[in-house]
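# Close look at the chain arrangement
Residues per chain are reported as follows:
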Amino acid sequence: MSKPKPFDISKSVVLEAYEKVRANQGAAGVDGESIAAFEVDLKGNLYKLWNRLSSGTYFPPPVRAVEIPKKAGGVRTLGVPTVADRVAQTVVRMYLEPEVEPIFHPDSYGYRPGRSALDAVGACRERCWKFDWVIDLDLKAFFDSIDHDLLLKAVSKHTDLPWVRLYVKRWLEAPLQRTDGTLVPRDRGTPQGSAISPLLANLFLHYAFDRWLAKNFAYVAFERYADDAVVHCASKAQAQHVLAAIGQRMRDVGLELHPGKTRIVYCKDKRRRGSHEHQQFTFLGYLFRPRLARSRLGPFVSFLPAISDEAAKGIRQTIRSWRMHRHSDKSLTDLAEFVNPIVRGWIAYYGRFYRSRLLASLERLDDYLARWGMRKFKKLRNAATKAVKWLAEVKRRAPALFAHWAVVQPSVR
């Protein structure tokens, strides 16, 4: 008879955790082992992982550091755990998440089941109509700054499983391994890119921000998606008071507001008089600012979200990078099969609000398709006008061939 393990961890949960990791794919960690390589001896690898987790002898390997350029300059460091470590983290998340999810604030939207970034944008849009002022918050290096002791205290508050607390602590302390092999020890923060980090980040900010704000400033509203947050206030004086308090609260929990990116914004529209230094802000890829809207009574100015200039530029750069006009060996159907899944994603996200701003970027696709026709067919070579007419005829015959063709020019909503 085998000796019982110190920790009671279900083998079926380990298998389910692996299925989640496989579905998410992801790159190899410091050991270079891919998901496909892990599957060569899947049963043996999962058993070894379960055995170590259950006996308390599992120690996470270093996390592979990957630097991702930021749009505004600089780099963001992501941490890529090994496949086995991602499975282990997912096991802990599956035990911990049901305990903490019910206590999270309804206006926390990031990485939560049944909630999305678009839900946050929609809530923000409606509150900008109700409240005149917004605090656009930016936390400086949030994932690198999380206080381990405070986070472990929060974890302990919501689980009586000693192994969950043990492994969370070990993950927080696991070093980053740079490309040159050097190890960077960590006494603060949790690396972006790991399976457990989003849940731990939400738990930390639940106590550091959500719960504190709701308790001390019940008269304001907010939306938070991970470390990206917007707070709505009734007046400029109120916004200044709340912002000062938030700044102090962040310092108290070891965080810092970015001085150059945190600002108070006036939600200017047809009803609101006067002006302010800042009358627009970006939240989750949407730029909120005064825009022309329409009603049965005619056009008017409202404070509305639409795809941000940065996101629109990114879409146009992606379209350009496809070089569709150079693939004259392909058919239109081939091109559609390649681009449509990506374009549908853009439409689903950036087309939810003020869709006409997105369509202006998607029209670039037709420019490249016309150029493709000029390379593909002799009768269209050096005949741009004919190519445009040819494409219009294709669109008339097969309006659903390309995803953006099926989007009807909408009214503002």
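A quick note: this is a predicted structure, and the numbers were derived from the prediction, not measured.

## Observations concerning the pattern of salt bridges
- Within the structure shown, the criterion is met by 16 salt bridges.
- For D269, the salt bridge goes to R271, with nearest N and O atoms at 3.0 Å.
- By relative accessible area, which is 6% here, D269 ends up buried.
- The shortest N-O distance in the salt bridge between D269 and R272 comes to 3.5 Å. Each member of the pair, D269 as well as R272, is classed as buried.
- Salt bridges here are not isolated pairs; linked through shared partners, they connect D132, D269, R271 and R272.

## Quick look at the sheet that holds strand β6 (residues 221–225)
- Ordered in space as β6-β7-β3-β8, the four strands form an open sheet in which the pairing is antiparallel. Because the sheet does not close on itself, it has two edges, and the strands there are β6 and β8 (263–266). Sheet twist, expressed as the mean angle between neighbouring strand axes with direction ignored, is 20 degrees.
- Note: β6 against strand β7 (residues 228–233), five bridges, orientation antiparallel. Each residue of the ladder has a partner; that of A221, found in β7, is H232.
- Packed onto the sheet, helix α10 (residues 236–252) meets β3 (133–138), β7 and β8 and runs at close to 20 degrees relative to β3.

## What to know about helix α11 (residues 309–322)
- With 14 residues, α11 extends 20 Å between its outermost C-alpha atoms, agreeing within 8% with the 20 Å of an ideal straight helix rising 1.5 Å per residue.
- Every buried residue belonging to α11 is among A311, A312, I315, I319 and W322, and all of these are buried. When α11 is viewed along its axis, its buried side chains cluster within an angular range of 100 degrees and face the same direction.
- On its buried face, α11 is in contact with β11 (298–307), α12 (332–350) and α13 (356–376).
- Directly after α11, the chain includes R323, whose backbone phi takes a positive value near 50 degrees.

## Some thoughts on the nonpolar core
- Within the largest apolar cluster, 69 residues are counted, with the highest numbers of intra-cluster contacts made by L137, F142, F209, L213, V231, V242 and I246.
- It is helix α9 (residues 197–216) that provides the largest number of residues to this core, a total of 11 residues.
- Ignoring sequence-local partners within four residues, the contact set of V231 consists of W133, V134, I135, L137, F209, L213, V220, A221, F222, V242 and I246.
- Among the nonpolar cores identified, the runner-up in size contains 54 residues, and A117, Y286, A312 and L380 belong to it.

## Looking at the sheet that holds strand β4 (residues 176–177)
- One open sheet holds the four strands; their spatial order is β2-β1-β4-β5, and the pairing between them is mixed. Pairing within the sheet leaves two strands with one partner each, and these edge strands are β2 (75–80) and β5 (183–184).
- Direction of pairing for β4 relative to β5: antiparallel, over a ladder of two bridges. Following the sheet pairing, L176 is matched in β5 by V184.

## Quick look at the pairing of β11
- Within β11, seven of the 10 residues are buried, leaving the element largely enclosed by the surrounding structure.
- Direction of pairing for strand β10 (residues 286–295) relative to β11: antiparallel, over a ladder of 10 bridges. Among the inter-strand pairings, P290 is bridged to a residue of β11, identified as F303.
- The hairpin turn running from β10 into β11, its antiparallel successor, is two residues long.

## Let's talk about the pairing of β7
- Most of β7 sits out of view: five of its six residues are buried.
- Both β3 and β7 contribute to a ladder of six bridges, which runs antiparallel. Bridge pairing in β7 places I135 opposite V231.
- Between β6 and β7, which pair antiparallel in sequence order, lie two residues; one of them, A226, sits at a positive phi of approximately 55 degrees.

## As for the packing of aromatic side chains
- Across all of its chains, the model carries 24 aromatic pairs by this definition.
- Note on Y47 and W50: the rings are 5.6 Å apart at their centroids and 40 degrees apart in plane angle, and the pair reads as tilted. Here W50 and Y47 lie together in helix α3 (residues 42–55), a separation of three residues that amounts to about one turn.
- The partly exposed category is assigned to Y47, whose relative accessible area is 45%.
- Taken together, the ring pairs in this structure connect Y286, Y349, Y350 and F353 into an aromatic cluster.
- Across from the ring centre of F59, 3.8 Å away, lies the NZ or CZ of R170, which sits over that ring.
- Just above the ring of Y354 sits the side chain of R291; from NZ or CZ to the centre is 5.5 Å.

## Digging into the packing of helix α1 (residues 11–24) against helix α4 (residues 83–100)
- Between α1 and α4, the least distance of the axes is 8 Å, while the angle of their chain directions is 115 degrees. Like other packed secondary-structure pairs, α1 and α4 cross with a definite hand, here right-handed. Here α1 contributes V13, V14, E16, A17, Y18, K20 and V21 to the contact with α4, which in turn contributes V83, R86, V87, T90, V91, R93, M94 and Y95.
- Here the contact of α1 with α4 is built from residues that sort into 10 nonpolar, one polar and four charged.

## Concerning a positive patch on the surface
- On the surface, K313, R320, R323, R326, R371 and R375 cluster together into a patch of positive charge.
- Every element with two or more residues in the positive patch is listed here: α11 and α13.

## What about the side chain of S197?
- Among the secondary structure elements, S197 is positioned in helix α9.
- Within the local environment of S197, its side chain forms a polar contact with the side chain of S194, the two groups lying 2.5 Å apart.
- For S197, the residues in contact, after removing those within four places along its chain, are F143, T190 and P191.

What counts, and where the lines are drawn
- Residues numbered from 1 in each chain as written.
- Predicted model: local features only at pLDDT ≥ 70, side-chain atom pairs only at ≥ 80, totals over all residues.
- Heavy atoms only, no water.
- Salt bridge = Lys/Arg side-chain N within 4 Å of Asp/Glu carboxyl O.
- Buried < 20%, exposed > 50% of the residue type's maximum accessible area, 1.4 Å probe, protein only.
- Pairing = 2+ DSSP bridges.
- Helix = DSSP H or I, 4+ residues; strand = E, 2+ residues; numbered from the N terminus.
- Axes fitted to C-alpha atoms, helices over the stretch in contact; angles between N-to-C directions.
- Contact = heavy atoms within 4.5 Å.
- Expected span 1.5 Å × (residues − 1).
- Arc of directions from axis to C-beta.
- Core = buried A, V, L, I, M, F, W, Y, C linked by side-chain atoms within 4.5 Å.
- Phe/Tyr/Trp six-rings, centres within 6.5 Å; stacked < 30°, edge-to-face > 60°.
- Lys NZ or Arg CZ within 6 Å of the ring centre and 35° of its normal.
- Left-handed = near helix turned anticlockwise from the far one by under 90°.
- Nonpolar A, V, L, I, M, F, W, Y, C, P; charged D, E, K, R; others polar.
- Patch = residues over 30% accessible without salt bridge, like charges linked within 9 Å, V, L, I, M, F, W, Y side chains within 5 Å.
- Areas by Shrake-Rupley, 256 points an atom, 1.4 Å probe, with all protein chains shown as cover.
- Lys, Arg positive; Asp, Glu negative; His and termini not counted.
- Charge placed at Lys NZ, Arg CZ, Asp CG, Glu CD.
- Polar contact = N/O pair within 3.5 Å; in protein donor to acceptor, adjacent residues only side chain to side chain.

Keep in mind these numbers describe shape, not what the thing actually does.
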